[in-house]
Structures are given as structure tokens and as C-alpha cells.
Amino acid sequence: MAGSAIQRRLSAAGFSNFVTRSHAELDLTQQAAVDAFFAAEKPEIVFLAAGRVGGIKANNNFRAEFIYQNLMIEANVIHSAWKHGVQRLLFLGSSCIYPRDCPQPIHEDYLLTGPLEQTNESYAVAKILGVKLCENYHRQYGAQFIAVMPSNLYGPNDSYDLENCHVLPALICKAHAAKMSGASELVVWGSGLPRREFLFVEDMADACVHLMESNIESGLFNVGMGSDLPISELAELIMEVVGYNGRIVYDHSQPDGTPRKLLNINRLKGLGWTAQTQLREGIALTYKDFLSRTDHL
Ligand code: GFB
């Protein structure tokens, strides 16, 4: 989802000389294969959007794969990028790198100031490693490697695997299914009380290109909408957009995760960037993309 959005945004800006590989063509967890790829292709600019990702349950259930695969991908790509002279690299992480109970909105400087949320600790630790790789290759070698931490992303090309996906696509899928079957209830995991900040993936891509076109050489940058809402309100909004008006039932056997993770986005704002897509509009565009995948109808 993130990588394809960045490629669309770059295409729109007139870039065309892309070097991409599908997972089947290049397994980024394999050091020798990654190094051979960089040696052969010698890319100038790298957007590292690849990773093992998923929602709260996938993070909790596949803790070993989430830490192992993400740390291997980051170590292999960032090291090879430095070794083969990549001019600029942008590494994508996640707002879950910050301490679970830190003050809101979360400033970049709060990194490593407290314990992490348990449900996604392994993913967060791997992503912190990516931030530190970028920082330290810059400090020692002057590599122009930037780290970007988006809030919860959503948009075209998301995953709708209900067990493992994130809340926003899950609720679109569930609300649509309930509407089609005439079900009276929509099940929402947890208490509905946790707050989340959602960012349309096209806005995230725009922020990444904005940063790469700036003269910034290194650092950590939060990217978000600047506002959040409780999951209960997200569910109501999605039901409105989808056109389903059943009853919400909260499944308290499912985890809530972190209570809140609203990002402080002043650093990026200071560089002249703000998100353009309001949540309702972004959900409508995402629902349209969902409907265009015929297997969901
Ligand atoms: O999006 P989500 O899975 O991930 O869940 P996190 C956000 C909130 O929505 C949690 C609730 O409080 C869930 O309990 N929720 C309600 C649901 N209904 C559903 C549902 O049907 N499916 C899902 N998935 N959630 C992830 C991290 O955390 O966010 C990752 O685990 C990453 O590491 C990512 O940072 C952006 O926001 O809790």
C-alpha cells in the first residue's frame, strides 16, 4: 500500500526511471540477494516501504516474524544502500515506535523515553532499529538517510484479511458485509475507547516526496493528520460512508492496544507540508477502491 502510493506520487511528479522488485523477485530478508540487487542496479534514491506489517492481532500473534523480518529487511537494505553509494534514502516506520504512555501529541524527541505497547513491541523494536540505522549511517558516514513515522495509514491497496489487517479496512469490510447480508450488528474489537490518528496513504506519499525534495539530510519526521478520534467514532463514520445503520457491539475479549498515539507534526509542518485529505473523504475513496476489487462484492 505505501510503496505503490509513493510510486504513483513520483509518477505524477514526472519521475519514470523506477527500479522495483516484487517480493517474489527479491526477498529483502536475504543479505546476499539484496547486496547483489544494489550492486547490479545502483539506485540513486531509495524509498524503503517494504516490511512485515499488520493490525493489532497480527503484531501480537506473529511476534517472531515481525521482529525478524523487519530487522533483516532494514539492516540489509540500509547497509547495501550505504555500501553502493545511494544518494538519499527514506525509511518508513510507524508511530508505534514511541513509548506507550508518553505525552500527547507525540514529539519525535520522545523516542526511547519509556516502555513500548506490548501488543506491537516486536514490530516497534524493529522499526526503532531502522531509525537508528539511518541516524548512525548519517553520523558516521554522512549518509543522507531520513526516517519517517506515519500514523495509522489507510487507502488503496490495503489488506482486508479480517484477522490480520488494521482497524479501518477491517471495519469497511465488516460494514459492507453487514449491509449486504442485512445483519443487525457490527462487531468492533475492544472497548471502542482507544484513539487513533489516520492518514490517507496518498498524503503520506506526498509527505515522503516533499521531504526527499527538500535539502534535509537526516532526521526523524512524524507525519500525520494532526487530529485523532476514538475507534467508536471511526466505526460510526465508516457505517455512514458505507450506508449501513445496524448496531455496534464491542468485543471486549479483543485487545485495545495503546490508548492514544497522536503525533506532533510540527517538524514536518515547519517544512511547509500538511495533509490534504479529510478522514470522511479518504474513507469514501478507500471504500470505492474496496468495491473495485470484485472478490469483495
Ligand atoms: O488498526 P489496529 O489493528 O492497530 O487497531 P493499532 C486499532 C484499534 O482498533 C485497536 C480496534 O484498539 C483495536 O482493538 N479495532 C476494533 C479493530 N475493531 C477492529 C477490527 O475489526 N480489526 C482491527 N484490526 N482492530 C497497529 C500496530 O496498532 O498499528 C502496528 O500493531 C502499527 O505495529 C499499526 O503501528 C499502524 O493501531 O492498535
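Because the structure is predicted, anything quoted here is derived from the model rather than measured.

Student: Whenever I open this one, unusual backbone geometry confuses me. Can you help?
Tutor: Backbone geometry follows two general trends: most residues other than glycine have a negative phi, and most peptide bonds adopt the trans configuration. Cis geometry is found at the peptide bond from Gln104 to Pro105, where omega equals -10°. As for its placement among the helices and strands, Pro105 is situated in the loop between strand S2 (88–92) and helix H5 (121–141). Positive phi values are uncommon outside glycine, yet Leu112 reaches one of about 60°. Structurally, Leu112 is set in the loop between S2 and H5. You will see that Asn157, though not glycine, has its phi angle at about 70°, which is positive. If you trace the backbone, Asn157 turns up in the loop between strand S4 (152–154) and helix H6 (167–181). For Asn157, a relative accessible area of 37% gives the class partly exposed.

Student: Got a minute to help me understand the site of the ligand in this structure?
Tutor: Residues in close proximity to the ligand total 22 residues, the closest being Ser94, Lys174, Arg196, Pro255 and Asp256. Between a nitrogen atom of the ligand and a main-chain N or O atom of Cys165, the distance comes to 2.9 Å. Contacts to the ligand include Val167, whose backbone N or O atom sits 2.9 Å from an oxygen atom. The fraction of the free accessible surface of the ligand (700 Å²) that becomes covered by protein chains is 97%.

Student: For this particular structure, what's the right way to read the side chain of Glu117?
Tutor: Mapped onto the fold, Glu117 is located in the loop between S2 and H5. Polar contacts involving the side chain of Glu117 include one to the side chain of Thr119, which spans 2.5 Å. Beyond its immediate sequence surroundings of up to four residues, Glu117 is in contact with Arg100, Gly257 and Thr258.

Student: Help me understand the UniProt feature "site: Important for catalytic activity" (unreviewed entry) in the protein chain in this model?
Tutor: Here, UniProt's "site: Important for catalytic activity" (unreviewed entry) annotation points to Ser94 and Cys96. Exposure remark for Ser94: the relative accessible area of 14% places this residue in the buried category. With residues up to four places along the chain from it excluded, the contact list for Ser94 reads Tyr123, Met149 and Pro150. If you trace the backbone, Cys96 turns up in the loop between S2 and H5. Apart from the residues within four sequence positions on either side, Cys96 is in contact with Leu116, Asn120, Tyr123, Ala124 and Lys261.

Reading the values: the criteria
Residues numbered from 1 in each chain as written. Predicted model: local features only at pLDDT ≥ 70, side-chain atom pairs only at ≥ 80, totals over all residues. Heavy atoms only, no water. Helix = DSSP H or I, 4+ residues; strand = E, 2+ residues; numbered from the N terminus. Buried < 20%, exposed > 50% of the residue type's maximum accessible area, 1.4 Å probe, protein only. Near = heavy atom within 4 Å. Polar contact = N/O pair within 3.5 Å; in protein donor to acceptor, adjacent residues only side chain to side chain. Areas by Shrake-Rupley, 256 points an atom, 1.4 Å probe, with all protein chains shown as cover. Contact = heavy atoms within 4.5 Å. UniProt positions renumbered as here; feature names shortened; annotations may be inferred.

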